[in-house]
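What the coordinates show
Single-letter residue listing:
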Amino acid sequence: MFVDHVKVYVKGGDGGDGMVAFRREKYVAYGGPAGGDGGKGGDVVFIVDEGLRTLMDFRYQRHFKAPRGEHGGSKNKHGRGGEDLVVKVPPGTVVKDAETDLVIADLVEQGQTAVIAKGGRGGRGNSRFATPQNSAPELSEKGEPGVDREIVLELKVLADAGLVGFPSVGKSTLLSVVSAAKPKIADYHFTTLVPNLGMVETVDGRTFVLADLPGLIEGAHEGVGLGHQFLRHIERTRVIIHVIDMSGLEGRDPYDDYTTINAELEQYNLRLLERPQIIVANKMDMPDSEENLNRFKEKLNDETVRIFPISAIARQGLDDLLFAVADLLETTPEFPMNEQHDDEEHSVMYKHESETPDFKITRDDDGAYVLSGYTLERLFKMTDFNFDQSVRKFARQMRGMGVDDALRERGAQDGDIVRILDFEFEFIE
Ligand SMILES: Nc1nc2c(ncn2[C@@H]2O[C@H](COP(=O)(O)OP(=O)(O)OP(=O)(O)O)[C@@H](O)[C@H]2O)c(=O)[nH]1
Ligand SMILES: [Mg+2]
């Protein structure tokens, strides 16, 4: 089992801005407020799709932004909400916040969804701010910014297909030329000591996980060589790719290899032989291979068994082989596992509301006080500084949050510069 791992940026859509507008009717010079609200920004939503097995798609697309809400209009017309951006993930995907490492969602079951980045709400139009004291407010909110964050997707992967065969037949070489995996390759036996996994993508865009297993020898089922513990890994694969060295360079007969390995699989566990098997005749670039393959076919004497002649080293015959594996995987159900399932907690939705303070004060080199923090910045972004009333409202809200007191405590005095994002103003007592 290995962990597929990818970092992705997600952003919920910003809310649409609220509108400042007034009714204009015939014979009415100056009507009441009529600015509509902005629409809500779309959420970034992840949904489990059983058709996916890997996080491969995320290697090509790493930014996911939901659309923003429409701005409010005049005549109290509300902006339309942005549509949610729905992103498919394979079952078993754990979503973590890249910064805090906290789990945002644990996506297990087909169709399960989780909002990963919420869209901002729409800003309110000026109609909503009308009061008896202020019946014609020149005041509206901008849309709330959508949540944006870097996340890490993790997927624990089990192999779909496993490479089995004698040592040095070229299993690791094959894995290395059909995936990004970099297994150790050498001309001595038992080069591979632990299984390697790689993700394979066929030319027509299908993906599966391929395991390269340590070589098997006679007696493997009884614990000879490295075989035994790794036969367990084959138990979890749905298709077995039986790699045979056709060169005959090691002095063994390819057909004997074939029967010996199958006997091991059978003796280890009867059910292993129930798995569909694909035969790969490797090292076809060597002088005697063609002849050996013909002899192998004669001995096998079974026209229904498909054999894929390849040269892993020369990268020949690979596409057809991969198509066949992908086809077979599509029609092969999962096999029940003999061992217990990993005792991991499943189907729990974790939610961690961060307990960060509303704002933070730091000092810039030039002595300016810098205000930051999600809540405060959000308030700032929602303020339309074109309108005096909005600015005054923002000042009131800051005071309410305790910003003024905190600045005073830090030593701010009349006329000192205070900065929020790229905006500056003076501190006034
Ligand atoms: N001529 C030729 N040599 C190959 C080919 N594929 C692999 N080899 C060579 O065979 C040797 C063994 O290759 P590996 O990929 O390490 O074999 P393995 O099956 O993973 O071996 P173990 O990990 O020991 O079980 C290396 O020297 C490879 O270069 C091929 O298609 N043609
Ligand atoms: Mg190997």
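Located above this text is the structure these notes cover.
Below is a summary of the structure that appears in this document. (Residues numbered from 1 in each chain as written. Chains lettered and ligands numbered in written order. Predicted model: local features only at pLDDT ≥ 70, side-chain atom pairs only at ≥ 80, totals over all residues. Heavy atoms only, no water.)

A look at the packing of helix H7 (residues 374-381) against helix H8 (residues 388-401)
- Interaxial distance between H7 and H8 falls to 10 Å at its minimum, and their mutual angle equals 170°. Here H8 runs roughly antiparallel to H7, going by the angle between their axes. For the pair H7 and H8, the contacting residues are Thr375, Leu376, Leu379 and Phe380 in the first and Phe394, Gln397, Met398 and Met401 in the second.
- Looking at the contact of H7 with H8 residue by residue, the classes come out as 6 nonpolar, 2 polar and no charged. (Axes fitted to C-alpha atoms, helices over the stretch in contact; angles between N-to-C directions. Helix = DSSP H or I, 4+ residues; strand = E, 2+ residues; numbered from the N terminus. Parallel < 35°, antiparallel > 145°, perpendicular 65-115°, else oblique. Contact = heavy atoms within 4.5 Å. Nonpolar A, V, L, I, M, F, W, Y, C, P; charged D, E, K, R; others polar.)

Topic: the site of ligand 1
- In the vicinity of ligand 1, 23 residues are found, and the nearest of them are Ser172, Thr173, Thr191, Thr192 and Asp285.
- Phenylalanine 190 places a polar main-chain atom, nitrogen or oxygen, 2.8 Å from an oxygen atom of ligand 1.
- Lysine 283 is positioned such that a nitrogen or oxygen atom in its side chain is 3.1 Å from an oxygen atom of ligand 1.
- Considering ligand 1 on its own, with 660 Å² of exposed area, one finds that the protein chains cover 90% of that surface.
- Here the shell around ligand 1 gets 3 residues from one element, more than from any other, and that element is helix H2 (residues 171-178). (Near = heavy atom within 4 Å. Polar contact = N/O pair within 3.5 Å; in protein donor to acceptor, adjacent residues only side chain to side chain. Areas by Shrake-Rupley, 256 points an atom, 1.4 Å probe, with all protein chains shown as cover.)

A short note on the side chain of serine 311
- Along the chain, serine 311 falls in the loop between strand E14 (307-309) and helix H6 (318-331).
- Taking relative accessible area as the criterion, serine 311 reaches 1% and is therefore assigned buried.
- Looking at serine 311, its side chain comes within polar contact range of the side chain of aspartate 285, at 2.8 Å.
- Apart from the residues lying within four places of it in its own chain, the contact partners of serine 311 are Asn282, Lys283, Met284, Asp285 and Gln316. (Buried < 20%, exposed > 50% of the residue type's maximum accessible area, 1.4 Å probe, protein only.)

Some remarks on the packing of aromatic side chains
- Under the criterion given, the structure shown has 11 aromatic pairs.
- Each ring, one from tyrosine 255 and one from tyrosine 258, has its centre 6.1 Å from the other, and the planes form 40°; the classification is tilted. Residue tyrosine 255 and its partner tyrosine 258 are located together in helix H4 (residues 254-268), separated by 3 residues, close to a single helical turn.
- Looking at tyrosine 258, the relative accessible area reads 11%, which means it is buried. (Phe/Tyr/Trp six-rings, centres within 6.5 Å; stacked < 30°, edge-to-face > 60°.)

Points about the side chain of threonine 202
- Locating threonine 202 in the fold gives a position in the loop between strand E10 (196-201) and strand E11 (207-212).
- Here the side chain of threonine 202 touches aspartate 204 through a polar contact of 2.5 Å, side chain to side chain.
- Once you skip the residues sitting within four places of it in the chain, threonine 202 turns out to touch Phe208, Leu322, Phe323 and Ala326.

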